[in-house]
Structure formats: C-alpha cells, structure tokens
Amino acid sequence: MTTNADEPQPRPRRRAPAGAAVLREDVTEAIRAAVFEELAAVGYARMSIEGIARRAGVGKTAVYRRWRSKLHLVLDLVSAIAVQGLPAPDTGSLEGDLRLLYEVTSRALRHPVASQILPDLQAEAARNPDIAEAIQKALREGQDGVARGVVTAAQQRGEVRPDVDHALALDLISGPLYWRSVVIRNPKLPKGYLPALARATTAALRAL
C-alpha cells in the first residue's frame, strides 16, 4: 500500500511520562462521598474498598491510587473534617455566640449520615488507636478550636475571668450536645433547648 506524500499524516500519540498520572478531583470527591454513604449503610467493620468503588462508580484501582487501605481512607476523611471546621460566631456577646455555635453544631449532628457515622467511629476508636487519634485531632482542631475562640472573645469583652480554666470551659461548651447526639443518640431537642443551653452555659462560664 502506498501513501501520497502530499496527504497529511496522523500525528503519533504522545504518551504521558511514567508516574505522571493526574488524579481527577471529581473522582476523588465521588469516592469521599461514597465513603460517607458506605459508613452510614454498613459501618466501618463491614465497609470494603469494593463497596466504596461500586458506590462511587469507579474501579478499585481508582481508590487504591489515592489510599492504600480503608483505614487510611477513613483517617484522611476524619482529618478533612477538622480542616473544614465550624464558622466562628461573632455576635458581640457570649450568650449569642454560644447560641449560634449550638445551632450550627446541632444541625450538623442531626444530619442522618453524621448521626450514624459518629457513633460507629467512636466504637472503632476504642479498638483502633489510629482512629482514636484522628478523631481526637479532628475534635481539637474543629469544635474545640471554635469553642476556644468563643471563650477568648468573651475574655476580651470582660464577660468571663481573664484566668478562666480553658479546658473546663471547653468541656462545658462542647459536652451537652455531644452527649445527647453521640452518646445517648437522642438528637431530637425539646423546644427552646438551645437558647436555654446557651443561657445556662453562659452562667456557668461566668461562675468559673
């Protein structure tokens, strides 16, 4: 077979250099969403890379390119939650800041996925020190970081003592909602509960 030298010839396909594969962000996000859904559906113990890949609509290889095991995947996800954090309230008063913080936190904890995942991860944390460390880090950098900002702002406004015990103050702020939502798993709050909790916590912090 002969070819006409004047005819345009197809260009040879350029190969990407070895090791230069680009991880598509939309695939990564689909996998992360699938992990949340899989955790809520079957729990950490029964969760598998195969199930995550099937739910995300990708092959197992796509998951393993990003994380080498389901443990590393979940640890990455928990750490990402810490980075997102909560919005720092700035209403101009301690009670107003606490009420806004409680409203945002309560909505997050009432989410059906979060309400199923958090207790399961807490149970796994009792058996797996890596998960326990990741959850503690997420809480310290997320919820506790915002709560610490609320206390610091209240100190600057003169609403609480300059030498207030920060550790005790954070326990008072963060404890009640987590007790209700994660420990006894009763996220349905009575009418007026959050404003009352904000008032009670404000009084307790001023008494420290």
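Residues numbered from 1 in each chain as written. Predicted model: local features only at pLDDT ≥ 70, side-chain atom pairs only at ≥ 80, totals over all residues. Heavy atoms only, no water.

What follows covers the packing of aromatic side chains. Inspection of the entire model under this criterion finds zero aromatic pairs. Over the ring of Tyr44 we find Lys70, and its NZ or CZ is 4.5 Å from the ring centre. The ring of Tyr193 has Arg180 sitting right over it, with the charged end atom 4.6 Å from the ring centre. (Phe/Tyr/Trp six-rings, centres within 6.5 Å; stacked < 30°, edge-to-face > 60°. Lys NZ or Arg CZ within 6 Å of the ring centre and 35° of its normal.)

A pair of packed helices is characterised by two quantities: the angle between their axes and the separation of those axes. Packing of helix 9 (residues 166–183) against helix 10 (residues 193–207) leaves a shortest axis separation of 9 Å and a crossing angle of 155°. Judged on the interaxial angle alone, helix 10 and helix 9 are roughly antiparallel. Read as a crossing pair, helix 9 and helix 10 show a hand that is right-handed. Contacts between helix 9 and helix 10 pair Ala169, Leu172, Ile173, Pro176, Leu177 and Arg180 from the former with Tyr193, Leu194, Leu197, Thr201, Ala204 and Leu205 from the latter. Residue composition of the contact of helix 9 with helix 10, by class: 10 nonpolar, one polar and one charged. (Axes fitted to C-alpha atoms, helices over the stretch in contact; angles between N-to-C directions. Helix = DSSP H or I, 4+ residues; strand = E, 2+ residues; numbered from the N terminus. Parallel < 35°, antiparallel > 145°, perpendicular 65-115°, else oblique. Left-handed = near helix turned anticlockwise from the far one by under 90°. Contact = heavy atoms within 4.5 Å. Nonpolar A, V, L, I, M, F, W, Y, C, P; charged D, E, K, R; others polar.)

The topology assignment puts Leu77 in helix 4 (residues 70–84). Taking the C-alpha atoms as reference, Leu77 lies 9.8 Å from Ala33; in sequence the two are 44 residues apart. Apart from residues lying up to four places away in sequence, Leu77 is in contact with Arg32, Val35 and Phe36.

Such coordinate-based values are descriptive only and should not be taken to indicate function.
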